[in-house]
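Observations on the model geometry
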Amino acid sequence: MSGWTVTGLSWRDGTPRLTATDRQREHARELTPGMRIGWTVAGPRRCTGVRGTTAPRGCPYRELVAPAGRSSQCETCQRADPGLALARDRILDDGRSYRLYLAWFGPGLLKVGLTGEHRGPARLLDQAAPVFTFVGRGRLPAVRRAELTVAQAGLARERVPGTVKAAAWWGLPEVADRRGELLRLRAEVVRLLADHGIELFPDGPLVDHVGLLGLADGPPPAYRRITALTPGATLAGTLRPAIGSHLFIDPAEGEPLLLDTRLLAGWGLAGGEVAGCAGLELLPCARPAGPGTTQDALF
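Below is a summary of the structure that appears in this document. None of these values were measured; they are calculated from a predicted model.

Definitions and cut-offs
Residues numbered from 1 in each chain as written. Predicted model: local features only at pLDDT ≥ 70, side-chain atom pairs only at ≥ 80, totals over all residues. Heavy atoms only, no water. Salt bridge = Lys/Arg side-chain N within 4 Å of Asp/Glu carboxyl O. Helix = DSSP H or I, 4+ residues; strand = E, 2+ residues; numbered from the N terminus. Buried < 20%, exposed > 50% of the residue type's maximum accessible area, 1.4 Å probe, protein only. Phe/Tyr/Trp six-rings, centres within 6.5 Å; stacked < 30°, edge-to-face > 60°. Lys NZ or Arg CZ within 6 Å of the ring centre and 35° of its normal. Expected span 1.5 Å × (residues − 1). Contact = heavy atoms within 4.5 Å. Core = buried A, V, L, I, M, F, W, Y, C linked by side-chain atoms within 4.5 Å. Lys, Arg positive; Asp, Glu negative; His and termini not counted. Polar contact = N/O pair within 3.5 Å; in protein donor to acceptor, adjacent residues only side chain to side chain.

Let us now look at the pattern of salt bridges. Oppositely charged side chains are able to pair whenever their charged atoms sit close together. One pass over the structure, following the stated rule, counts 12 salt bridges. The closest approach of N and O atoms between E30 and R17, which form a salt bridge, is 3.2 Å. Taken together, the residues span a long stretch of sequence, with E30 in strand 3 (residues 26-30) and R17 in strand 2 (residues 15-21) at a distance of 13 residues. Relative accessible area serves as the criterion here: at 40%, E30 is assigned to the partly exposed category. In this structure, the salt-bridge partner of D208 is R178, at a minimum N-O distance of 2.7 Å. Here the residue D208 occupies a position in strand 9 (residues 207-208), and R178 occupies one in helix 6 (residues 175-192), the gap between them amounting to 30 residues. Judged by relative accessible area, which is 28%, D208 ranks as partly exposed. The class of R178 is buried, set by a relative accessible area of 8%. Linked through salt bridges whose partners overlap, the residues forming this network are R99, E117, R137 and E199.

Structure follows, in structure tokens:
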């Protein structure tokens, strides 16, 4: 990619793709483990427009957005974004079918949510869910009520912060344990939703993506999390498997880097020969010293 503006990372057909636009067309590049990258970031960072439609629309004002923010949209485009409107309950019913899912991110980290049936598991991969299952389907109002019922009963939360997810990567239990916790949750949820107006899947498959996300052996014991990019910043190294929207990059020297690609969206990006990594704001992260260290304290 040369002279392109990054619009984000998304999963399609089980593969992560980094997308970028030159305002005339969109380009998507698959990101595979072992791929070597050499990127130079060009500013200023500008709004990426409205996503979640069949034809993404660029921002008509080319608004500047905060260099360190995880949102790459200006306020106008956020208001017009259908995905955000759905998340903020501004869409009551769009005539489509939705699925209710349960996702497991680590011991005690259980999430309930909904996704468009046409998207399949893409939303769960975007969120880097190690294990998940679909537990029901129906129109948006009914599935949204079911989601709220599960959350209000305290069985699962509606949101799991990204830093909490990342802290849990160091302590993922064996397959039987993580599946068992999700199976117990599903049984409780199915009982709770027995009288709700959605079709329930009491025996649907549990999907385990730990291997696909490269987490079978956990993350590196120590790494540096990129908290902000600056104009002229460079990234060079070898990619590990993508974890949702996150990329672990092994540079030529030093500890691995963890990049949340939401920080990359809105920046110009040029490929080529890059000597090393520079222009990055970094936060050291390390495996907890022992059981007394809490996940939240890591960040």
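The next thing to look at is the packing of aromatic side chains. Tallied over the entire structure, the rule returns four aromatic pairs. Considering the side-chain rings of F132 and F134, the 5.6 Å spacing of their centres and the 70 degrees angle between planes classify their relative orientation as edge-to-face. The class of F132 is buried, set by a relative accessible area of 1%. Over the ring of F134 we find R99, and its NZ or CZ is 5.2 Å from the ring centre.

The end-to-end C-alpha separation of helix 6 is 26 Å, in line with the 26 Å expected for 18 residues at 1.5 Å each. Of the positions making up helix 6, those classed as buried are R178, G180, E181, L182, L185, R186, V189 and V190. Summarising the contacts, the buried residues of helix 6 are in contact with strand 5 (97-106), strand 6 (109-116), strand 7 (131-139), helix 4 (140-152), strand 8 (199-200) and strand 9.

Among the nonpolar cores identified, the biggest contains 59 residues, and L235 and L264 are the most heavily contacted of them. In this structure L235 touches I37, G38, W39, I226, I249, L257, L259, V274, G276, C277 and L280, once residues within four positions along its chain are discounted. One finds L124, F132, A168 and F201 within the second-largest nonpolar core, a separate group that totals 12 residues.

Let us now look at the side chain of R45. Note that R45 resides in the loop between strand 4 (36-42) and helix 1 (75-80). Of the buried charged residues, R45 lacks a salt bridge, with D260 as the closest side chain of opposite charge at 8.3 Å. Separated by 2.7 Å, the side chain of R45 and the backbone oxygen of G69 make a polar contact. From its side chain, R45 meets the backbone oxygen of R262 in a polar contact 2.7 Å long.

A few words now on unusual backbone geometry. A cis amide bond, omega 0 degrees, links G43 with the succeeding residue P44. With respect to the element layout, P44 can be found in the loop between strand 4 and helix 1. Positioned with a positive phi, R62 is a non-glycine residue whose angle comes to about 50 degrees. Within the secondary structure, R62 is located in the loop between strand 4 and helix 1. Among the residues examined, R62 registers a relative accessible area of 37% and is labelled partly exposed.

Another aspect to go through is the side chain of T133. Within the secondary structure, T133 sits in strand 7. With relative accessibility at 0%, the residue T133 sits in the buried group. Reaching out from T133, the side chain makes a polar contact with the side chain of R186 at a distance of 3.3 Å. With residues near it in sequence (within four places) discarded, T133 still touches L100, Y101, L102, L182, R186, G204, P205 and L206.

Remember, this is a structural readout, not a statement about activity or role.
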